[in-house]
Amino acid sequence: AMDLLWRLMNTDALASLPLAWALLGLFALAMAAATLLPLGSEAAVLALAHAHGGGLSGTTWLIWLAATLGNTTGGLVTYGMGRAAHRVADDWRGESASTGSGSAPTAARNTQLALRWVQTHGAWALLLSWLPVLGDALCAAAGWLRLPAGASALAIAVGKGARYAVLLWVLG
């Protein structure tokens, strides 16, 4: 298990895997990177593109697809966490109101900014879900505000897919 974890985080090791395994590893890394874990997937995308193709080959499109699907899945996990947290907070508020104890937790600055953006722009704000730090907060805010899952998933996928497409086109 530790060897697999090392291969996922080490771009040279990931690029040395057979393509099918490398794509699966990229999916997992991109998914983890889109949650609250402090990981990045861009270096792995570029390493795989250089090791298994480059240009606009069919392999490059598979790399784009694996990264986009993994990162979108991770964004949806964060969306689900926001939605679940709202449900828990609603339950907590109900209990505190009945007992007269407790106070609402204060949100971090990024969370407040993300909530304002999502309240103002709706699911369209999730086109920016690829941004470091703020992107995670946008996905969580969308879940917290209970935006429609379909529109949220589409906006997350378009934003994250566009980021990888530009990355592969410019640097790949």
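Just above, that's the structure.
These numbers come from a predicted model, not from an experiment.

What counts, and at which threshold
- Along each chain, numbering runs from 1 in the same order as the chain's sequence is written.
- Only residues with pLDDT of at least 70 get local features here, since the model is predicted, and only at 80 or more are side-chain atom pairs given and counted; chain-wide, interface and lining totals rely on the full set of residues.
- Values reported for side chains reflect all heavy atoms of the structure, with hydrogen atoms and water molecules removed beforehand.
- Counting from the N terminus, the helices are the DSSP runs of H or I reaching at least four residues and the strands are the DSSP runs of E reaching at least two.
- With a 1.4 Å probe rolled over the protein chains alone, any residue whose accessible area is under 20% of its type maximum counts as buried; one over 50% counts as exposed, and the rest are partly exposed.
- Residue-level accessible areas treat just the shown protein chains as cover; the underlying method is Shrake-Rupley with a 1.4 Å probe.
- Throughout, a contact is declared for two residues whenever any of their heavy atoms are within 4.5 Å.
- We define the nonpolar core as a collection of buried residues of types Ala, Val, Leu, Ile, Met, Phe, Trp, Tyr and Cys that are connected through side-chain atoms lying within 4.5 Å of one another.
- Like charges are joined within 9 Å and nonpolar side chains (Val, Leu, Ile, Met, Phe, Trp, Tyr) within 5 Å, but only among residues with over 30% relative accessible area and no salt bridge; these make up the patches.
- Any Lys or Arg side-chain nitrogen found within 4 Å of a carboxyl oxygen on Asp or Glu counts as a salt bridge.
- Helix axes use the C-alpha atoms of the stretch in contact, all axes being lines fitted to C-alpha atoms, and the angles between their N-to-C directions lie in the range 0 to 180 degrees.
- Here the word oblique covers every angle except those under 35 degrees (roughly parallel), over 145 (roughly antiparallel) and from 65 to 115 (roughly perpendicular).
- In a left-handed crossing the near helix is turned counterclockwise from the far helix by less than a right angle, and in a right-handed crossing that turn is clockwise.
- Classification used: nonpolar for Ala, Val, Leu, Ile, Met, Phe, Trp, Tyr, Cys and Pro, charged for Asp, Glu, Lys and Arg, polar for all others including Gly.
- Think of a 1 Å grid over just the protein atoms. A cavity is a set of points where a 1.4 Å probe fits yet cannot get out, a pocket is an open set with protein on both sides within 12 Å along at least five of seven lines, and lining residues have an atom within 4 Å of a point.
- Grid points are joined across faces, edges and corners, and a volume is the space filled by probe spheres set on the points.

A. How the structure looks around the overall build of the chain. A count of helical and extended segments in the chain gives eight helices and zero strands. Helices and strands in the chain line up, N terminus first, as α-α-α-α-α-α-α-α. The buried share among the 172 residues of the chain stands at 40%. About 9300 Å² of surface is accessible on the chain, with carbon and sulfur atoms providing 69% of the total.

B. Examining the environment of V77 more closely. Counting through the fold element by element, V77 comes out in helix α5 (residues 58-99). With 59 residues separating them along the chain, V77 and D136 place their C-alpha atoms 10.0 Å apart. In contact with V77, not counting residues within four places along its chain, are M31 and T35.

C. Geometry of the nonpolar core. In terms of nonpolar packing, the biggest core is built from 20 residues, with L26, V45, L48, I63 and Y164 touching the most fellow members. Broken down by secondary-structure element, the contributors of at least two residues to this core are α2 (11-16), α3 (19-33), α4 (42-51), α5 and α8 (149-171). If one sorts the elements of this core by residue count, α4 sits on top with six residues. If sequence neighbours within four positions are ignored, I63 has contacts with L23, L26, V45, L48 and A49. Among the nonpolar cores identified, the runner-up in size contains 16 residues, and V118, L134, A137 and A142 belong to it.

D. Representation of helix α7 (residues 134-144) within the structure. Of all the eleven residues making up α7, nine are buried; the element is thus mostly covered by neighbouring parts of the structure. Within the span of α7, buried status applies to L134, G135, D136, A137, L138, C139, A141, A142 and G143. Trailing α7 by a residue or two, R146 shows a phi angle of about 60°, which is positive.

E. Expanded view of a nonpolar patch on the surface. Together, W124, L127, L154 and V158 line one region of the surface with nonpolar side chains, adding up to about 440 Å² of accessible area. You can see L127 is positioned in the loop between α6 (109-121) and α7.

F. Main features of the packing of α3 against α4. With their axes 10 Å apart at the nearest point, α3 and α4 run at an angle of 165° to one another. Our classification of the angle between α3 and α4 gives roughly antiparallel. The handedness of the crossing between α3 and α4 comes out as left-handed. Contact residues: α3 offers A22, L26 and L29, while α4 offers A44, V45 and L48. Class assignment for the residues of the contact of α3 with α4 results in six nonpolar, no polar and no charged.

G. Focus on the pattern of salt bridges. Scanning the entire structure with this criterion turns up one salt bridge. Notably, a salt bridge pairs R163 with E42, separated by 2.9 Å at the nearest N-O pair. Placement of R163 in helix α8 and of E42 in helix α4 is noted, with a sequence separation of 121 residues between them. Given a relative accessible area of 13%, R163 falls into the buried group. On the accessibility criterion, E42 (29% relative accessible area) is partly exposed.

H. Seen up close, the environment of T59. Relative to the helices and strands, T59 is located in helix α5. Linking T59 and L48, residues eleven residues apart in sequence, is a C-alpha distance of 9.2 Å.

I. The layout of surface pockets, seen in detail. Of the pockets and cavities examined, the second largest pocket occupies roughly 280 Å³. Looking at the second largest pocket, it is lined by 19 residues, and the ones nearest its centre are A33, L39, L131, P132 and V133. Looking at side-chain class alone, the lining of the second largest pocket contains eleven nonpolar, four polar and four charged residues.

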